[in-house]
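# A structural walkthrough
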Amino acid sequence: MKPFLLRVLRLAQKEFLALLRDKKSRMVLIVPPLVQLIVFSYAATFDLNHISYAVWNEDPGLYSRQLLARFSGSPNFRLTGEIRSEKEVRSLIDNRKVLLVLHIRSTFSRDLLAGQPGRVEALLDGRQSNTAMILMGYVQTIVSDYNDDFVARNGLSPPIAPLEIRAWYNPNLKSRWFIVPGIVGLLTLVVSLLVTALSVAREREDGTFDQLLVTPLRPVDIILGKILPGFVIGFLESTAIVLVAVFLFHVPLRGSLFALYLGIFLFTLSGLGVGLMISSIVSTQQQGLLGAFLFLVPSIILSGFATPIANMPDLIQDLTLVNPLRYFLVILREVFLQGATARILIPEYGGLALIGGTSLLLAGHFFRKRIG
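What counts and how
- Residues numbered from 1 in each chain as written.
- Predicted model: local features only at pLDDT ≥ 70, side-chain atom pairs only at ≥ 80, totals over all residues.
- Heavy atoms only, no water.
- Pairing = 2+ DSSP bridges.
- Helix = DSSP H or I, 4+ residues; strand = E, 2+ residues; numbered from the N terminus.
- Axes fitted to C-alpha atoms, helices over the stretch in contact; angles between N-to-C directions.
- Contact = heavy atoms within 4.5 Å.
- Buried < 20%, exposed > 50% of the residue type's maximum accessible area, 1.4 Å probe, protein only.
- Arc of directions from axis to C-beta.
- Salt bridge = Lys/Arg side-chain N within 4 Å of Asp/Glu carboxyl O.
- Patch = residues over 30% accessible without salt bridge, like charges linked within 9 Å, V, L, I, M, F, W, Y side chains within 5 Å.
- Areas by Shrake-Rupley, 256 points an atom, 1.4 Å probe, with all protein chains shown as cover.
- Right-handed = clockwise from strand over helix to strand, strands pointing away.

### Describing the sheet that holds strand S2 (residues 77-82)
Pairing is mixed across the open sheet formed by four strands, whose spatial order is S2-S1-S3-S4. A single partner strand is all that each edge strand has here, and the edge strands are S2 and strand S4 (120-124). Going across the sheet, the axis of each strand differs from the next one's by a mean of 25°, ignoring polarity. Sheet topology places strand S1 (residues 51-57) next to strand S3 (residues 100-104); five bridges connect them, and they run parallel. The residue bridging Tyr-53 from the neighbouring strand is Leu-100, located in S3. Against the sheet, helix H3 (residues 62-72) engages S1, S2, S3 and S4, with an angle of about 170° to S1.

### Topic: H3
Taken residue by residue, H3 has Tyr-63, Ser-64, Leu-67, Leu-68 and Phe-71 as its buried positions. The arc that holds every buried residue of H3, seen down its axis, measures 135°, which confines them to one face.

### Side note on the side chain of Ser-299
If you trace the backbone, Ser-299 turns up in helix H12 (residues 285-301). Dropping the residues within four chain positions of it, Ser-299 is found in contact with Leu-189, Asn-323 and Leu-325.

### What to know about the side chain of Ser-359
Within the secondary structure, Ser-359 sits in helix H15 (residues 346-371). What makes Ser-359 buried here is its relative accessible area of 5%. Contacts of Ser-359, omitting those with residues within four sequence positions, involve Ser-270, Gly-273, Val-274 and Met-277.

### Structural notes on the pattern of salt bridges
Enumeration according to the criterion identifies three salt bridges in this entry. One salt bridge in this structure joins Arg-96 and Asp-125, with 4.0 Å as the shortest N-O distance. Within this pair, whereas Arg-96 is found in the loop between helix H4 (86-94) and S3, its partner Asp-125 is found in the loop between S4 and helix H6 (129-153), the two being separated by 29 residues in sequence. Look at Arg-96 and you get exposed, because its relative accessible area is 51%. Close ionic contact of Arg-105 with Glu-121 constitutes a salt bridge, the shortest N to O distance being 2.8 Å. You can see Arg-105 sitting in the loop between S3 and helix H5 (108-113) and its partner Glu-121 sitting in strand S4, a full 16 residues away along the chain. According to the relative accessible area criterion, Glu-121 is partly exposed, its value standing at 25%.

### Quick notes on the environment of Leu-321
Positionally, Leu-321 belongs in the loop between helix H13 (314-319) and helix H14 (324-338). Residue classification places Leu-321 among the partly exposed positions, given a relative accessible area of 41%. In this structure the C-alpha to C-alpha distance between Leu-321 and Leu-302, which are 19 residues apart in sequence, comes to 9.3 Å. Setting aside anything within four residues of it in sequence, one finds Leu-321 in contact with Arg-326, Tyr-327 and Ile-355.

### What to know about a nonpolar patch on the surface
A cluster of nonpolar side chains, contributed by Leu-289, Phe-293, Val-297 and Ile-301, occupies part of the molecular surface with about 350 Å² of accessible area. You can see Val-297 is positioned in helix H12.

### Looking at unusual backbone geometry
Phi is mostly negative for residues that are not glycine, and the peptide bonds are mostly trans. Positive phi values are uncommon outside glycine, yet Arg-96 reaches one of about 60°. In this structure, His-250 takes a positive phi of about 55° despite not being glycine. One can find His-250 in the loop between helix H10 (219-247) and helix H11 (257-281). Accessibility expressed as a relative area gives 57% for His-250, which makes it exposed.

### A look at the pairing of S2
As paired strands, S1 and S2 are joined by five bridges and run parallel to one another. Following the sheet pairing, Tyr-53 is matched in S2 by Leu-79. Handedness of the crossover joining S1 and S2 through H3: right-handed.

Here's what the structure looks like:
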């Protein structure tokens, strides 16, 4: 074996032993990512279940009861009671007892029999704007289905320009299919960033950094020896999280494993490069941890994980181009849901490779500067 490779492997072995012997390090690297994946995947969802609603029905006719039966028969809605006045509406919404009040006017059935649109009001709690918008879509879907059935059952003319909606790649619009692949990227970044952000700082605190400097190891040997354990740990963590996403949360993995793991390789390289750059600048593990989170939080916000990048100001959109998580989320969602191949994702691979290479070069520069 070549001396260069032997030196790198020996240093990587030392890093593995330092991580695995420390009980706190083992806990940080293994338990929190899996716990966070499960917690986030169940808690961070845009789907609404058990929607509390009340009914204000001023029409005793058959058609209003048929419409309300569609809401009570839906597994997403939970009827809390019936009310008789606008005063009760205000009380229920003000006190957050319901998210929705369905108000059916007294002429609802009569208007439908006369061939006129029946009046239905959906009174929503607008303080939770995102929830209100999603809930409005649920209500519109149920009412639209009722209208279509009523038109077909009574032999009426359908609308001249009906709207038909089909969602590609996620036909049931399950938000978990959108969120869980993003969590794979988020937790992979956390692990790869922390492994290297604390490595050199730990050497300085333990007093072993000076011992490294008097060995035959060159700066490039030290850098490669530091990132090799991160690669192994990052790949194992990513694989475990992908398995949980597919087999526990049933997110479809439609693309090729080669396209997925090429993205994981380049993304892990970027995360390790940024982490090592942070570690080469700071002096203590506490500073390294703070630097990692200072990078991590903006990365998540500017990645498109929760809000579309296209909705951000132009200056912020340009800033996201240096964020590795931005590119990796595109890779994950297109491989999982769209079934993308590596050829389609070449621009994202190029962005990750550029960020990874640049961050490693800067880490080497700062490292040589510190030891010089």
